[in-house]
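What follows is each chain in one-letter form.
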Amino acid sequence: MARVGPGRAGGSRRGRGQRRPPTWEISDSDTEGPAGAEADSEVAARARDPAEERRAAAEALRLLRPERAVRRLVVRVDPAILEDAGADILMEALGSLGCEYHIEPQRPARSLRWSRVKPEPCPHSVPPEVWAAGEQDLLLLLEPEEFLQGVLQLTQVCGPTCSVPWIFPESPACPHLAVIGLDAYLWSRQLNTQEMRQPESPGMMARAMVAVGWPEVEEALVLLQLWANLDVLLVESWQELSQHVCAFTKALAQRPFKQFQESQAFSFCTAGRWAAGERVTRDGTGLRGAWWRQIRQFNRVSPAVADAVVTAFPSPRLLQQAYVACSTERERLALLADLPVKADKGERPRRVGPDLSRRICLFLTSTNPDLLLDLSS
């Protein structure tokens, strides 16, 4: 029997020919099972590690800081804007801001578009919508005469069927409008009012049609805001426009940071980061201290009085249950009035008193947000 076993084993190996040795399969299963599970457990442990979460949140905050986020903003400028002599002021302002700007054809023409470059690697703790902020922002520059033609269309053909100018269905972006020198343009038109009223040629007739004044402009601004949610910026010079573009770019740089902070848990939540105050864990540790600090926030409450309330009712829930057990409103208001307050040597015994008892009762039971708790204030 001892000789048959090896012989059969040897014959079995020769009969299978190219079959992979069984030891490889055993080795693979041994290494892939426990080692793979161990690696997964390490990743899960790192994901649950509070210190690792804090480091990831700190790294995300560092990337989202406005002074760093502005470097990842790209302003795309249409080449038609550079045809104006004052465009150099805008380019110099963008260069001093610290963001990138590219000269690329845009649709519509004479527009600026903002885009954001995601960092590599991208922190997983930052929601995707934070990096997408600002992708649909567009500023469209209009000549005064072009803007007045749109004003004429809005004010003379107003109604539900009136199409709002400067809205492009193929573009998902909702543009902001900017007009340079509209006041000076209208003033120059007023000097030729007589010629506009008596046109002598088709060209003069076309110019007369766009001779509208400030009342029509103000009406059009209201219609644009109500119908299409369009903001119109009226500036007198390229210097003023450059200041607005820089301020708008800085605001876009601050937007991801603000959105990330709004998406985080509040500091007083047990699952969030603790910023200050008395920390309360999930097992209730620290609740007594937080309850004591809350009692101290009432006016004219000494530490000894807060100790008396917290000693009798160690948590707000216990006090609320005691209020529910009371049969009358008068009994609820006076529930804490007779609680003894520990006095120092030489002082006479004191009680919590009816005033504080009434205030705490109303604070925990009232549903009126405008109720005044302290009658003496």
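None of these values were measured; they are calculated from a predicted model.

Colleague: In this structure, what is going on with the packing of aromatic side chains? I would like to understand it.
Modeller: In this description, a pair of aromatic rings is defined by centroid distance and the angle of the planes. Applying the stated rule across the entire model yields 3 aromatic pairs. Ring centres of Trp 114 and Phe 248 lie 4.9 Å apart, and the angle between their planes is 65°; this geometry places the pair in the edge-to-face category. On the criterion of sequence distance, the pair formed by Trp 114 in strand β3 (residues 111-116) and Phe 248 in helix α12 (residues 238-263) is long-range, its members being 134 residues apart. For the residue pair Trp 114 and Phe 248, the accessibility class agrees, reading buried in each case. Ring geometry for Phe 147 against Trp 166: centres 5.6 Å apart, planes inclined by 15°, an arrangement best described as stacked. Here Phe 147 is found in helix α7 (residues 144-156), whereas its partner Trp 166 is found in the loop between α7 and β5 (174-180), with 19 residues between them in sequence. A residue is classified by how much of its surface remains accessible, and Phe 147, at 0% relative accessible area, is buried.

Colleague: I keep staring at the packing of helix α15 (residues 316-325) against helix α17 (residues 354-365) and nothing clicks. Help me out?
Modeller: When two helices pack together, their arrangement is given by the angle between their axes and by how far apart the axes lie. One way to put it is that α15 packs onto α17 with a least axis distance of 11 Å and a crossing angle of 95°. One way to sum up the angle between α15 and α17 is to call them roughly perpendicular. Every residue of α17 that contacts α15 at Leu 319, Gln 320 and Tyr 323 is listed here: Ser 357, Ile 360, Cys 361, Leu 364 and Thr 365. Residue composition of the contact of α15 with α17, grouped by class: 5 nonpolar, 3 polar and no charged.

Colleague: Looking at this structure, how should I read unusual backbone geometry?
Modeller: Where the residue is not glycine, phi is negative for most of them; where a peptide bond is considered, it is trans in most cases. Cis geometry marks the peptide bond from Arg 107 to Pro 108; its omega dihedral reads 5°. Looking at the secondary structure, you find Pro 108 in the loop between β2 (100-103) and β3. One non-glycine residue, Arg 300, lies in positive phi territory at about 60°. In this fold, Arg 300 is placed in the loop between α13 (287-296) and α14 (303-312).

Colleague: Would you explain the pattern of salt bridges in this entry?
Modeller: Using the criterion set out here, one finds 10 salt bridges in the structure. With a shortest N-O distance of 3.1 Å, Glu 104 and Arg 76 are connected by a salt bridge. Highlighted residues: Glu 104 in the loop between β2 and β3 and Arg 76 in strand β1 (residues 73-77), separated in sequence by 28 residues. The exposure class assigned to Glu 104 is partly exposed, which follows from its relative accessible area of 28%. As a salt-bridge pair, Arg 300 and Asp 374 come within 3.1 Å of each other at their nearest N and O atoms. Separated by 74 residues along the polypeptide, Arg 300 in the loop between α13 and α14 and Asp 374 in the segment after α17 bring together distant segments of the chain. Residue classification places Arg 300 among the exposed residues on the basis of a relative accessible area of 55%. Overall, Asp 374 belongs to the buried group, its relative accessible area being 7%. Because the salt bridges share partners, they merge into one network encompassing Arg 300, Asp 355, Arg 358, Arg 359 and Asp 374.

Conventions we followed
Residues numbered from 1 in each chain as written. Predicted model: local features only at pLDDT ≥ 70, side-chain atom pairs only at ≥ 80, totals over all residues. Heavy atoms only, no water. Phe/Tyr/Trp six-rings, centres within 6.5 Å; stacked < 30°, edge-to-face > 60°. Helix = DSSP H or I, 4+ residues; strand = E, 2+ residues; numbered from the N terminus. Buried < 20%, exposed > 50% of the residue type's maximum accessible area, 1.4 Å probe, protein only. Axes fitted to C-alpha atoms, helices over the stretch in contact; angles between N-to-C directions. Parallel < 35°, antiparallel > 145°, perpendicular 65-115°, else oblique. Contact = heavy atoms within 4.5 Å. Nonpolar A, V, L, I, M, F, W, Y, C, P; charged D, E, K, R; others polar. Salt bridge = Lys/Arg side-chain N within 4 Å of Asp/Glu carboxyl O.

These results come straight from atomic positions and should not be treated as a statement about function.
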